[in-house]
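If you want the building blocks of each chain, they are given just below.
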Amino acid sequence: MVLVTGGAGYIGSHTIIALDEAGYDFVVFDNFCNSSKESITRVENIIDKKIKVIEGDIRDAKALQSVFDTYKIDSVIHFAGLKAVGESVEKPLKYYDYNVNGTVVLCDAMSKNGVKKIVFSSSATVYGDPATTPITEDFPLSATNPYGRSKLMIEEILRDIYVSDNSWKVVLLRYFNPVGAHESGTIGEDPNGIPNNLMPFIAQTAVGKRDVLSVFGDDYDTKDGSGVRDYIHVVDLADGHVKALNKIDGFDEVMSINLGTGNGYSVIEMVKAFERASGKKVPYKTAPRRSGDIATCFADPSYAKDILGWVATKGVDQMCEDSWRWQSNNPNGYAKS
Ligand code: NAD
Ligand code: WQD
């Protein structure tokens, strides 16, 4: 059975559907600090099955032990953690506690219970401000904020664990910019308060919850001056986790793998794509650059293809259509729709 930490969250909820489709049995472990139990109910409706869920915190060794006592876990997909870059600058200790300490407690519990396979949610943020694009996995690693540093530290910790005992199987999946939603329109990204990320902000503007999108910077050295990113459909990302689990037994080193499409789109291109998909206007205005942002970031995803047989299949139009279906059906996310 697969233990899915953070399985009620945005990427986790999509991944458990993919796990179910692939025939994996799983248990979700989540403290719901950034998710809703409603997401689990909705996934249950999609897969037409009850989901095993334990409410608990990965920093709580006893709570984790009871999961290992109750279920025969043989691998872990580890999503649980905090992800808001700005908040991490204000509250670094919270981020190191949830992300780094949480992972240490989790790995210790795994070790004590003889579970040595982990697929970890890393991020393209570990490449810092890359000298060139597309980005391959051997690029130098760096971080510009506590969130990014927590991901780098966790990568290092997992490498050290492998060095100490190379019967561990460790896959570091470096996601680029996850967007979109399940095609049903019943689950999706549900940020608290004002969204930090582009896609949910665009979607909330299109649905009328926000007046105008601020485009952070119009003078980057990019096709139209706005920032360029590699947006990847969350359903493709979910599939990457299943493919990683399918192959994990065969790996005899720590695997760092980019999950991206290999295509870069600007903020303005994303606005236009969303307008096409939704038929709604997305008013925007130019605003100053956001501190810490880089001009361009996109993956070379060829390693994922070679190693996992994984490629992204869904383009930006589909990302925007699916995101719009979720947003327009659930203008207030899970809470009040
Ligand atoms: P999310 O916030 O929707 O999901 C994270 C889940 O973990 C939530 O359900 C939350 O309640 C849970 N959680 C947090 N701390 C916990 C703890 N201490 N114990 C138990 N559960 C806890 O975020 P997401 O977008 O689904 O991201 C999942 C993972 O992927 C995170 O580790 C994130 O850093 C990483 N990631 C996300 C992105 C992105 O843009 N969404 C990009 C790269 C990497
Ligand atoms: C995308 C582009 C912004 C909002 C962040 C994290 C990264 C990863 C994914 C977890 C940029 C522009 C945004 C807005 C805008 N998360 N933008 N107006 O910054 O690439 O990555 O999320 O690991 O670590 O840093 O994503 O969606 O915030 O921004 O113009 O209101 O949209 O400047 O060019 P980012 P994003």
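Here, the structure is the one placed above.
Here is a short report on the structure shown in this document.

### Looking at the overall build of the chain
Phase 1 of the analysis: Across its full length, the chain holds 11 helices and 14 strands.
Phase 2 of the analysis: The globule rule puts the C-alpha radius of gyration for 337 residues at 20 Å, and the 19 Å found for the chain is close to it.
Phase 3 of the analysis: Reported as C-alpha extents along the three principal axes, the dimensions of the chain are approximately 55 × 45 × 40 Å.
Phase 4 of the analysis: In the chain, which comprises 337 residues, the share counted as buried stands at 54%.
Phase 5 of the analysis: Put simply, of all contacts in the chain between residues at least 6 apart along the chain, 80% involve residues at least 24 apart.
Phase 6 of the analysis: Just so you have it, the chain exposes about 14300 Å², and 48% of that area is on carbon and sulfur atoms.
Phase 7 of the analysis: Side chains of the chain carry 36 positive and 45 negative charges; the gap between the two charge centres is 4 Å.

### Observations concerning the side chain of Asn99
Phase 1 of the analysis: Residue placement: Asn99 occurs in helix 5 (residues 92–112).
Phase 2 of the analysis: At 3.1 Å, the side chain of Asn99 and the side chain of Ser150 are in polar contact.
Phase 3 of the analysis: Not counting chain neighbours up to four residues away, the residues in contact with Asn99 comprise Gly81, Leu82, Tyr147, Ser150 and Ile154.

### Focus: the sheet that holds strand 6 (residues 169–175)
Phase 1 of the analysis: Taken in spatial order, the seven strands line up as 3-2-1-4-5-6-11 in an open sheet, and their pairing is parallel. Every interior strand has two partners, whereas the edge strands, strand 3 (52–55) and strand 11 (255–259), have only one. Strand-to-strand twist of the sheet, defined as the mean angle between neighbouring strand axes without regard to direction, takes the value 20°.
Phase 2 of the analysis: Bridge count between strand 1 (residues 2–5) and strand 4 (residues 75–78): four bridges; the pairing is parallel. Considered in strand 4, the bridge of Thr5 is made with His78.
Phase 3 of the analysis: Along the sheet face, helix 3 (residues 61–70) touches strand 1, strand 2 (26–30) and strand 3 and points at about 170° away from the line of strand 2.

### Let's talk about the site of ligand 1
Phase 1 of the analysis: Taken together, 27 residues form the shell around ligand 1, and within it Asp30, Asn34, Ser35, Lys83 and Tyr147 come nearest.
Phase 2 of the analysis: Take Tyr10: an N or O atom from its main chain is 2.8 Å from an oxygen atom of ligand 1.
Phase 3 of the analysis: Between ligand 1 and Asp30, the relevant distance is 2.6 Å, taken from an oxygen atom to a side-chain nitrogen or oxygen of the residue.
Phase 4 of the analysis: Its residues assigned to classes, the shell around ligand 1 comprises 12 nonpolar, 10 polar and five charged.

### Re the packing of aromatic side chains
Phase 1 of the analysis: Taken as a whole and judged by the stated rule, the model has four aromatic pairs.
Phase 2 of the analysis: Its end group placed over the ring of Tyr98, Lys94 keeps NZ or CZ at 5.9 Å from the ring centre.

### Digging into the site of ligand 2
Phase 1 of the analysis: Contacts to ligand 2 come from 18 residues, most closely from Ser123, Tyr147, Ser214, Arg229 and Asp293.
Phase 2 of the analysis: Within the side chain of Arg229, an N or O atom sits 2.5 Å from an oxygen atom of ligand 2.

### What to know about the layout of surface pockets
Phase 1 of the analysis: Counted as a void, the second largest pocket has a volume near 170 Å³.
Phase 2 of the analysis: Here the lining of the second largest pocket is built from residues that sort into six nonpolar, three polar and five charged.

### What to know about the packing of helix 1 (residues 10–21) against helix 8 (residues 234–247)
Phase 1 of the analysis: Direction vectors running N to C along helix 1 and helix 8 enclose 55°, while the axes themselves pass 8 Å from each other. The pairing of helix 1 with helix 8 is recorded here as oblique in orientation. Crossing of helix 1 over helix 8 shows right-handed handedness. Contact residues: helix 1 offers Tyr10, Ile11, His14, Thr15, Ala18 and Leu19, while helix 8 offers Val234, Val235, Leu237, Ala238, Asp239, His241, Val242 and Leu245.

### Comments concerning the nonpolar core
Phase 1 of the analysis: In terms of nonpolar packing, the biggest core is built from 41 residues, with Ile16, Phe26, Val171 and Leu259 touching the most fellow members.
Phase 2 of the analysis: Mapped by element, the contributors of at least two residues to this core are strand 1, helix 1, strand 2, helix 2 (37–47), strand 6, helix 8, strand 11 and helix 10 (302–308).
Phase 3 of the analysis: Among all residues touching Phe26, those that are not within four sequence positions of it are Met1, Val2, Val4, Ile16, Leu19, Asp20, Ile47, Ile51 and Lys52.
Phase 4 of the analysis: Phe68, Ile73, Cys107 and Tyr162 belong to the second-largest nonpolar core, a separate cluster that totals 30 residues.

### A closer look at empty space enclosed by the protein
Phase 1 of the analysis: Applying the stated criterion to the full structure yields one cavity of 30 Å³ or more.
Phase 2 of the analysis: Each pocket or cavity is described by its volume, and for the largest cavity that value is around 70 Å³.
Phase 3 of the analysis: As for the largest cavity, its lining consists of Tyr10, Val179, Gly180, Glu189, Met199, Pro200, Ala203, Ser323, Trp326 and Gln327.
Phase 4 of the analysis: Elements with a minimum of two residues in the lining of the largest cavity: helix 7 (198–206) and helix 11 (316–329).
Phase 5 of the analysis: Residues that form the lining of the largest cavity fall into these classes: six nonpolar, three polar and one charged.

Calculation notes
- Along each chain, residue indices are assigned from 1 in the same order as the chain's sequence is written.
- Labels are handed out in written order, letters beginning with A for the chains and numbers beginning with 1 for the ligands.
- Reporting in this predicted model follows two pLDDT cut-offs: at least 70 for local features of residues, and 80 or more for side-chain atom pairs to be given and counted; totals over whole chains, interfaces and linings ignore these cut-offs and use all residues.
- Hydrogen atoms and water are omitted, and side-chain values are computed over all heavy atoms in the structure.
- The helix and strand labels rest on DSSP assignments: H or I over at least four residues marks a helix, E over at least two residues marks a strand, and numbering proceeds from the N terminus.
- Throughout, radius of gyration means the C-alpha value; the globule benchmark is 2.2 Å times the number of residues raised to the power 0.38.
- Relative accessible area decides the class of each residue, using a 1.4 Å probe on protein chains only: under 20% of the type maximum gives buried, over 50% gives exposed, and in between gives partly exposed.
- Here a residue-residue contact requires only that any non-hydrogen atoms of the pair lie within 4.5 Å.
- Here the open area of atoms and residues is found with the Shrake-Rupley method and a 1.4 Å probe, where only the protein chains shown may cover a residue.
- For the charge count, each Lys or Arg is scored as positive and each Asp or Glu as negative, with His and the chain ends excluded.
- A single reference atom marks each charge: NZ on Lys, CZ on Arg, CG on Asp, CD on Glu.
- Any pair of nitrogen or oxygen atoms within 3.5 Å is treated as a polar contact; in protein, a donor-acceptor pairing is required on top of that, and neighbouring residues in sequence qualify only through side-chain atoms on both sides.
- Any two strands between which DSSP finds at least two bridges are classified as paired.
- Angular values range over 0 to 180 degrees, each being the angle between N-to-C directions of two axes fitted as lines to C-alpha atoms, with helices fitted over their stretch in contact.
- Residues are counted as near a molecule or strand when any one of their heavy atoms sits within 4 Å of it.
- For this scheme, ten residues count as nonpolar: Ala, Val, Leu, Ile, Met, Phe, Trp, Tyr, Cys and Pro. Four count as charged, namely Asp, Glu, Lys and Arg, and the remainder, Gly too, count as polar.
- Centres within 6.5 Å make a pair out of two Phe, Tyr or Trp rings, where for Trp the six-membered ring is used; the pair is then stacked when the planes are under 30 degrees apart, edge-to-face when over 60, and tilted otherwise.
- Any Lys NZ or Arg CZ that is within 6 Å of a ring centre and within 35 degrees of that ring's normal is treated as a charge sitting over the ring.
- Only protein atoms enter the 1 Å grid used here, on which a cavity is any set of points holding a 1.4 Å probe that cannot leave and a pocket is any open set flanked by protein within 12 Å on both sides along at least five of seven lines; residues with an atom within 4 Å of a point are listed as lining.
- Grid points are joined across faces, edges and corners, and a volume is the space filled by probe spheres set on the points.
- Orientation labels follow simple angle bins: below 35 degrees gives roughly parallel, above 145 gives roughly antiparallel, 65 to 115 gives roughly perpendicular, and whatever is left gives oblique.
- If you view the pair so one helix is near and one far, a crossing is left-handed when the near helix is turned anticlockwise from the far one by less than a right angle, and right-handed when it is turned clockwise.
- Nonpolar cores were defined as sets of buried Ala, Val, Leu, Ile, Met, Phe, Trp, Tyr and Cys residues, with membership established by side-chain atoms within 4.5 Å.

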